[in-house]
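# Working through the structure, step by step
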Amino acid sequence: METKGFFYCVLVLIFLFFQGCVDGRLLAEPKPDRDAAAAYARWLVSQNSWGILNTISIELEGSPFGNVVSFSDGVPSKSTGVPYFYLTTLDPTARNALKDQRSSLTISEYPLGTCGNADPESPTCAKLTLTGKLVLVEANSKEAEFAQTALFTKHPEMKGWPKGHDFRVFKLGIEDIFMINWFGGPKSLTVDQYLKYQTNRFAVNK
């Protein structure tokens, strides 16, 4: 009987592991209830590792320029909701931001593997756009140290990127939030509600 009970316990643990494991990695937090807007938005940001960062192009006469970038909003024990980036000035995105800070970051739930069979454009597969200003984090500050730790923890490869390529730490100062995670249009969510949400209290989706 003890052997049988142990066997069932192992099966339960394996099931729970694969429930939270998508695309070969383990999600740190379960998917929140879709009606908990702040929780859902913070979950999307904390669980994602990349998105499309849009800036105002100085080389294309003010046209919008989207670029795939990696980001992190904190270390596993401290998610802030503020996306940090490690960008080189050899790339247009950083150069654009240094001239015009207006920017937006768009991320999708689709890469997390939690959309089932839904198309990425379906309202049931959440998408989030954070709009604001892409600002340079002061070098050698406590915030820069935290941001770099957050980025290198989530993206270890960054540590080996060439020092001579002028990589700098940026952050998105959020001014507006647009999120759709179900039918009926975008969710009502203020920046204050988003930033003040405690990520260790995610309301689990039933």
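All of the points below concern the structure found in this document. (Residues numbered from 1 in each chain as written. Predicted model: local features only at pLDDT ≥ 70, side-chain atom pairs only at ≥ 80, totals over all residues. Heavy atoms only, no water.)

### What to know about the pairing of strand β3 (residues 50–56)
The pairing of β3 with strand β4 (residues 64–70) spans seven bridges and is classified as antiparallel. In the sheet register, Ile-52 faces β4, and the bridge partner there is Val-68. As judged from the four bridges shared by β3 and strand β7 (residues 102–108), these two strands associate in the antiparallel manner. Counted as the bridge partner of Asn-54 is Ser-104 from β7. (Pairing = 2+ DSSP bridges. Helix = DSSP H or I, 4+ residues; strand = E, 2+ residues; numbered from the N terminus.)

### Re helix α3 (residues 92–99)
Every buried residue of α3 is listed here: Thr-93, Ala-94, Asn-96 and Ala-97. The arc that holds the buried residues of α3, viewed along the axis, is 160°, so those residues lie on one side. Next to the buried residues of α3 lie β3, β4, β6 (78–88), β8 (127–136) and β9 (167–180). The N-cap of α3, judged by a side-chain oxygen 2.9 Å from the amide nitrogen of Thr-93 a few residues on, is Asp-91. (Buried < 20%, exposed > 50% of the residue type's maximum accessible area, 1.4 Å probe, protein only. Arc of directions from axis to C-beta. Contact = heavy atoms within 4.5 Å. Polar contact = N/O pair within 3.5 Å; in protein donor to acceptor, adjacent residues only side chain to side chain.)

### Structural notes on the pattern of salt bridges
Enumeration over the complete set of coordinates arrives at seven salt bridges. Put simply, Asp-166 and Arg-168 hold a salt bridge, and the shortest N to O gap is 3.1 Å. (Salt bridge = Lys/Arg side-chain N within 4 Å of Asp/Glu carboxyl O.)

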